[in-house]
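Analysis of the macromolecular model
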Amino acid sequence: MKTIEVKNLSKVYEYYKKQPGLWASVKGLFKREKLFTEAVKGINFSIEEGELVGFLGPNGAGKTTTLKMLSGILYPSSGEATVLGFTPHKRQKEYQKQFALVMGQKNQLWWDLPAMESFILNKEIYEVSDEDFKKNLDELVGLLDIKDILDVQVRKLSLGQRMKCELVAALLHKPKILFLDEPTIGLDVVAQKNIRDFIKKYNQEQKTTIILTSHYMDDIKELCKRVVIIDHGTIIYDGALDDLIKKYAPYKVLNITFNDKGVEKTQVEKYGIIQKYNQYAVSIEVNREEVKKVATAILSSDLPVDDIMIDEVDIDEVIRKIFKK
Amino acid sequence: MKKYWTVTKNSWQLQLQYRLNLVLWRLRSITILLVFYFLWLNLIKENSVFAGFSQSQIFTYFLLINLLRPIVFDGQQRRMAQEINDGSFSRYLIMPINHFLYEFSRQLSNKVINLFFAIVEVVIFILVLKPPLTIPSDPQIWLFFFLSLFLATILYYFLSYLFNLTAFWSREAMGPRFLFDWILEFSAGAYFPLSILMRSFFVFLSFLPFFYLIYFPITIYLSKTELIGIQQGIIMQLVFTIIIGFFVRWAYKKSLKKYTGEGI
């Protein structure tokens, strides 16, 4: 069943041109040039119930704007979005009770109060019964291991602890849809992993539909089978993460190590495109169809091969290449 | 309504966290009260009348300003405009709440705390300085006074909310808001009785909604307005509230279409 459907969705922001300098600012008091920027350009996609989809894209690509439109914060300039059968920008309470948005860069808890106060407020706002509140809270607090910090003022928490509390606040009403906008931003590797593990487990257990934006490829690799890549407001890829590699990297990498005196570069150039070279270790890009044949040829040659490995291209590398284009 | 009550309770906790802020805010009120007391003590002698006010009426006027300010006005009136400008307003747009009530619930906590301290200050002031005061004996006056005070509170909230909506249209809502607050308090009679002003200017002010925020309820209390004047004034309060309420609704819908949620 399709939970999210987006058709020709666009968003145009208007702003005023600001020339540098004081004199330009004075002139701007009388005359300003209005400019427009198309943050999202007629995108189309749909998401099935329970899917965990990664939104990838460089800064300013349109990821957050898309999430803002799906959560009803922004009116689209054109096109339409339907989530759980609702039109988000109508901001119907029945819809708002069924989704949550967590923004890694924005605090949604009451900064000067313990997180527990925000949880209690959310309980009332989302009209969660006492029984469900207790059950959900215990479950989430246990999963995220934050029992000891519930009564500490939010501003005194570490970024990782705060993000865990943000997740609890967002999930207390058991939303069917969860929008996660860079939930691991700024966290250390351990905290990132904790949050990732939690999202994975929560998605598997609750079958919540999740859209995740992140700059960290580890988040995407570990959590998402499907990715949507946005660049300059346009979707340039929508499909399985594995297929992305096949589409944008039609080659594999042969990592070979040599012993004895090693090899000269000219001796290995004929096998493919050299990615890395030193006398004892070489990485060669080889077409997927030919990789086995080439590996066999290298092993049968008189080169002093110590070890040979056929590796998939690193996803980070693929994404970097896509954005460079 | 329980959700809005929880907002008020959380806001109370928040204010009690900032004790210094609260103390300084009250210190400001006490200073204004004392300055006005000694100023008017010299300006208006016993048994004399100034701009239609006797000494006891003028002292009562200033004590009532101290009590009515926290009820009608809001000490954190610029917070909403700030939230719109920095994008944190987005959080209210995704929650199943009515922001108009949510914001009022936050202001309610502010009003109750400040009113509590204002009452304590006024009681101490009366006990220590023993100024001559006017206390109405007619229950009808008390009834009209509280009714006009209630309407003034609602009217101010509508006006304040409407003005905060300008933040959706301009990144520079703080400057105009500061000016608006100053004009509003001046025109409301929150600095001195408006009858001091030139007659034509006074009449002009009586056609503005601000006139009905502080000056009008106090003149009811001081029995300086005839019954017909009270009825007309209350009708004016109702009419302004309905008109401004309509504009708030219209402007809010328009503004949300303009909102970009910058900063997130």
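Residues numbered from 1 in each chain as written. Chains lettered and ligands numbered in written order. Predicted model: local features only at pLDDT ≥ 70, side-chain atom pairs only at ≥ 80, totals over all residues. Heavy atoms only, no water.

Regarding its fold elements, chain A presents 12 helices and 13 strands. Its C-alpha radius of gyration of 25 Å places chain A more than 25% over the 20 Å reference for a compact globule of 325 residues. Dimensions of chain A, computed from C-alpha atoms along their principal axes, come out at roughly 75 × 60 × 45 Å. The 325 residues of chain A split such that 51% are buried. Taking as baseline every contact in chain A between residues at least 6 positions apart, the subset at least 24 positions apart corresponds to 71%. For chain A, the exposed surface amounts to about 16300 Å²; the carbon and sulfur share of it is 50%. (Helix = DSSP H or I, 4+ residues; strand = E, 2+ residues; numbered from the N terminus. Rg over C-alpha atoms; globule rule 2.2 N^0.38 Å. Buried < 20%, exposed > 50% of the residue type's maximum accessible area, 1.4 Å probe, protein only. Contact = heavy atoms within 4.5 Å. Areas by Shrake-Rupley, 256 points an atom, 1.4 Å probe, with all protein chains shown as cover.)

Our next topic: the confidence of the model for chain A. Parts of the prediction with low pLDDT should not have their coordinates interpreted in detail. In the predicted model, chain A carries a mean pLDDT of 89, and the fraction of residues at 70 or more is 96%. Of all the helices and strands in chain A, helix α1 (residues 22-28) of chain A carries the lowest mean pLDDT, 68, while helix α3 (residues 93-96) of chain A carries the highest, 96. (pLDDT = per-residue confidence, 0-100.)

In this section: the pairing of strand β3 (residues 52-56) of chain A. Residue and element names in this part refer to chain A. Extensive coverage of β3 is indicated by the burial of 5 of its 5 residues. Side chains Leu-52, Gly-54 and Leu-56 of β3 all project onto a buried face; the interleaved residues Val-53 and Phe-55 project onto the opposite face, where all are buried too. Pairing of β3 with strand β7 (residues 209-213), which is carried by 4 bridges, proceeds in the parallel orientation. Paired with Phe-55 across the two strands is Thr-213, which belongs to β7. Bridge count between β3 and strand β8 (residues 226-231): 4 bridges; the pairing is parallel. Across the sheet, residue Phe-55 finds its bridge partner in β8, namely Val-228. (Pairing = 2+ DSSP bridges.)

Turning our eyes to something else, we now look at the sheet that holds strand β5 (residues 99-103) of chain A. Backbone hydrogen bonds are what pair the strands of a sheet, in a parallel or an antiparallel way. Residue and element names in this part refer to chain A. Spatial strand order, β5-β6-β7-β3-β8-β9: 6 strands in an open sheet with mixed pairing. Looking at which strands have only one partner, the edges of the open sheet turn out to be β5 and β9 (234-240). Averaged over neighbouring strand pairs, the angle between their axes works out to 15° when direction is ignored. Where β8 and β9 come together, 6 bridges link them in antiparallel fashion. Opposite Ile-229, over in β9, you have Tyr-237 as the bridge partner. Against the sheet, helix α6 (residues 159-171) engages β5 and β6 (177-181), with an angle of about 165° to β5. (Axes fitted to C-alpha atoms, helices over the stretch in contact; angles between N-to-C directions.)

This part covers the UniProt feature "transmembrane region" (unreviewed entry) in chain B. Residue and element names in this part refer to chain B. Taken from the UniProt record, the annotation "transmembrane region" (unreviewed entry) applies to residues 20-40, 52-72, 112-129, 141-166, 202-222 and 234-252. Between the end C-alpha atoms of residues 202-222 the distance is 18 Å, and the span holds 52% helix and 0% strand. Within the segment residues 234-252, helix and strand shares are 100% and 0% respectively, and the terminal C-alpha atoms sit 26 Å apart. (UniProt positions renumbered as here; feature names shortened; annotations may be inferred.)

Right, let's get into a positive patch on the surface. Residues and elements named next belong to chain B. A cluster of basic residues, Arg-249, Lys-253, Lys-254 and Lys-257, forms a positive patch on the protein surface. Following the sequence through the fold, Lys-257 ends up in helix α11 (residues 227-258). The class of Lys-257 is exposed, set by a relative accessible area of 52%. (Patch = residues over 30% accessible without salt bridge, like charges linked within 9 Å, V, L, I, M, F, W, Y side chains within 5 Å. Salt bridge = Lys/Arg side-chain N within 4 Å of Asp/Glu carboxyl O. Lys, Arg positive; Asp, Glu negative; His and termini not counted. Charge placed at Lys NZ, Arg CZ, Asp CG, Glu CD.)

The next subject is the sheet that holds strand β4 (residues 78-83) of chain A. Residue and element names in this part refer to chain A. Strands sit in the order β2-β1-β4 across an open sheet of 3 strands; the sheet is antiparallel. Among the strands making up the open sheet, the edge pair consists of β2 (34-48) and β4. Neighbour-to-neighbour, the strand axes of this sheet turn through a mean angle of 25°, independent of strand direction. Sheet analysis places strand β1 (residues 2-16) next to β4, joined by 5 bridges and oriented antiparallel. By the bridge assignment for β4, Lys-7 is matched with Glu-80. Sheet strands in contact with helix α2 (residues 63-70) are β1, β2 and β4, and its direction is about 115° off that of β1.

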